[in-house]
Amino acid sequence: MKLFEITEDPISVQEVIDKVIHPDAGAVNTFVGTVREMTKGKRTTYLKYEAYIPMAEKQLRKIGEEIAVEWPDAKCAITHRIGELGISEIAVVIAVSTPHRADSFEACRYAIERIKEIVPIWKKEHWEDGSKWVGDQLENTSYPQGRPESEGDTQ
Amino acid sequence: MIKVLLFAGMQERAGKSEIQLDEPHLLVSEIKRKLENEYDFPQMFTGCLAAVNEEFAEDDTEIRSGDVVAFIPPVSGG
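Residues numbered from 1 in each chain as written. Chains lettered and ligands numbered in written order. Predicted model: local features only at pLDDT ≥ 70, side-chain atom pairs only at ≥ 80, totals over all residues. Heavy atoms only, no water.

Engineer: Describe the overall build of chain B, and please don't skip the residues or the numbers.
Structural biologist: The helix and strand inventory of chain B stands at 2 helices and 7 strands. When the helices and strands of chain B are listed from N to C terminus, the series reads β-α-β-β-α-β-β-β-β. Taken over C-alpha atoms, the radius of gyration comes to 12 Å for chain B, in line with the 12 Å a tight globule of 78 residues would show. Evaluated residue by residue, chain B yields a buried proportion of 53% over its 78 residues. The contacts in chain B between residues at least 6 apart in sequence include a share of 53% that link residues at least 24 apart. Carbon together with sulfur atoms contributes 43% to the accessible area of chain B, which is approximately 3500 Å² in total. Measuring between centres, the 7 positive side-chain charges of chain B sit 4 Å from its 15 negative side-chain charges. (Helix = DSSP H or I, 4+ residues; strand = E, 2+ residues; numbered from the N terminus. Rg over C-alpha atoms; globule rule 2.2 N^0.38 Å. Buried < 20%, exposed > 50% of the residue type's maximum accessible area, 1.4 Å probe, protein only. Contact = heavy atoms within 4.5 Å. Areas by Shrake-Rupley, 256 points an atom, 1.4 Å probe, with all protein chains shown as cover. Lys, Arg positive; Asp, Glu negative; His and termini not counted. Charge placed at Lys NZ, Arg CZ, Asp CG, Glu CD.)

Pasting the structure below:
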């Protein structure tokens, strides 16, 4: 069973939940990221996700390790899909189980924020009249620390 | 042989996902300069990180033959 996974196939939310279910868990929190149609007034027709797969899975495992340090009783699984996704299709599923509910909310939120910082996955928005890689690539977004925040602390 | 991987917008701009360099060793910064010249693309690496063998690296990280260098533009997963 792979807890941290990049896949080209549709994601089953239940399958990700099943990876973290265990007898000591009293809560399972899930985050499901889906493809949004309207972004800043522009209508997306589909998204294309691309990943540096081996490193992306490694970074997802790293997020799992960070969660294990902060919430030792948590069990976490993350699956991120790549390829072309239509409106409302599931791009990412995170499941975190913990003995009590508060920790599961916090750890799940932590996981999605970290995905957006340290995991090499990119999405390209396709519209009826064009397309653009998200992340302001080659424009004005950069990492102020020269690398994702906190990344250096975990090496 | 050093293998260089490009992704997303950089890959489209360069027209390829993988580049092989014959040098036995180079710094990350030297690879950047080399590719910027080759593709006539001065802002190619703005905001971009480097990863060596799947770990984030710095400009002065030394790359040896057999290493895999990936350039990571700002990520947008989730």
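Engineer: Describe the sheet that holds strand S2 (residues 27-34) of chain A, and please don't skip the residues or the numbers.
Structural biologist: All names here are of chain A. Spatial strand order, S1-S5-S7-S2: 4 strands in an open sheet with mixed pairing. Among the strands making up the open sheet, the edge pair consists of strand S1 (4-7) and S2. The sheet shows a mean angle of 10 degrees between the axes of neighbouring strands, taken without regard to direction. Note: S1 against strand S5 (residues 75-81), 4 bridges, orientation parallel. Residue pairing across strands places Thr 7 opposite Arg 81, the latter belonging to S5. Packed on one face of the sheet, helix H2 (residues 53-70) meets S1 and S5 and runs near 150 degrees to S1. (Pairing = 2+ DSSP bridges. Axes fitted to C-alpha atoms, helices over the stretch in contact; angles between N-to-C directions.)

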